[in-house]
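Next come the chains, spelled out residue by residue.
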Amino acid sequence: MRYRRAVERLRMLARACEQTRRVRADEPFLRAAYVFGDLLGGADEIECLEVAFVLNLPPEEVAWGTQPPGTAWLVDFLDLDKGGVAYVWRSHRDPVANHHVREPVRIWSLDGIEEDVLAALAERRFGEARAASEGGAAGNGVADVEAELRTALEHLRAVHGAYWDRRWRREHRSLGRYPEHHLWEAVRGYLELLDARDD
């Protein structure tokens, strides 16, 4: 998609994130959204938006590359399954940045839409966008690959151990997702982190 259209899609996504605050809950499930990747390089053609969503879940429930519990409604609500957005989930207790999510820029948080950031991105003022977003990264720095690898392995073992259990399979089948998706994501996430560690 063209850069301008990608920024407009990002603005719409930030607005949709803001609408999630209307969902009644003791604590908001979605806490922040960050853009990263090609859009921040300013290319005229963007294959897809890359966005990291920060969830109110502990790290052990947000294994890399997987769909954590309770995210199916968010995928639907934010129209993430409509294409044009490559998304990842992050725990609010971990840094947003990791081996894949590099120099993320916050576009939305519980404080609201980052209008200054979106305006700077629209005009390709990337330095200003990064400056406006500074300090917004959850747990500043970059996530430790070893820690994420341990979480991913624990998740993979849990999925493998429960895979043929009828109750687990029933609980992990909904909205076009099947137990096979969970197993594939657990394997892919673990292998990706293993490769990142070895690089």
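Only a predicted model underlies this, so the values are computations on that prediction, with no experimental measurement involved. (Residues numbered from 1 in each chain as written. Predicted model: local features only at pLDDT ≥ 70, side-chain atom pairs only at ≥ 80, totals over all residues. Heavy atoms only, no water.)

Quick look at the pairing of strand E2 (residues 49-55)
Within E2, seven of the seven residues are buried, leaving the element largely enclosed by the surrounding structure. The alternating pattern of E2 places Leu49, Val51, Phe53 and Leu55 on one face and Glu50, Ala52 and Val54 on the opposite face, and all of these are buried. Where strand E1 (residues 30-36) lies against E2, six bridges are found, and the strand directions are antiparallel. In the strand pairing of E2, valine 35 is matched with valine 51. Where E2 and strand E3 (residues 85-91) come together, seven bridges link them in parallel fashion. Considered in E3, the bridge of valine 51 is made with tyrosine 87. Taken together, E2, helix H2 (residues 72-77) and E3 form a β-α-β motif whose crossover is right-handed. (Buried < 20%, exposed > 50% of the residue type's maximum accessible area, 1.4 Å probe, protein only. Helix = DSSP H or I, 4+ residues; strand = E, 2+ residues; numbered from the N terminus. Pairing = 2+ DSSP bridges. Right-handed = clockwise from strand over helix to strand, strands pointing away.)

Examining helix H5 (residues 145-162)
With 18 residues, H5 should cover 26 Å at 1.5 Å per step; its first-to-last C-alpha distance of 26 Å lies within 8% of that length. Listed as buried for H5 are Val145, Glu148, Leu149, Thr151, Ala152, Leu156, Val159 and Ala162. Along the axis of H5, the buried positions cluster into a sector of 165°, meaning they face one direction only. Facing away from the buried surface of H5 by more than 90 degrees, the exposed residues are Glu154, Arg157 and Gly161. (Expected span 1.5 Å × (residues − 1). Arc of directions from axis to C-beta.)

Thoughts on the layout of surface pockets
Considered as a void within the structure, the largest pocket measures approximately 510 Å³ in volume. In terms of lining, the largest pocket is formed by 25 residues, of which the most central are Gln67, Pro68, Pro69, Arg177 and His182. Among the secondary structure elements, those contributing two or more residues to the lining of the largest pocket are H2, H5 and helix H6 (166-171). Among the residues making up the lining of the largest pocket, the classes are represented as eleven nonpolar, eight polar and six charged. (1 Å grid on protein atoms, 1.4 Å probe; cavity = no way out; pocket = protein on both sides within 12 Å on 5 of 7 lines; lining within 4 Å. Points joined across faces, edges and corners; volume = space filled by probe spheres on them. Nonpolar A, V, L, I, M, F, W, Y, C, P; charged D, E, K, R; others polar.)

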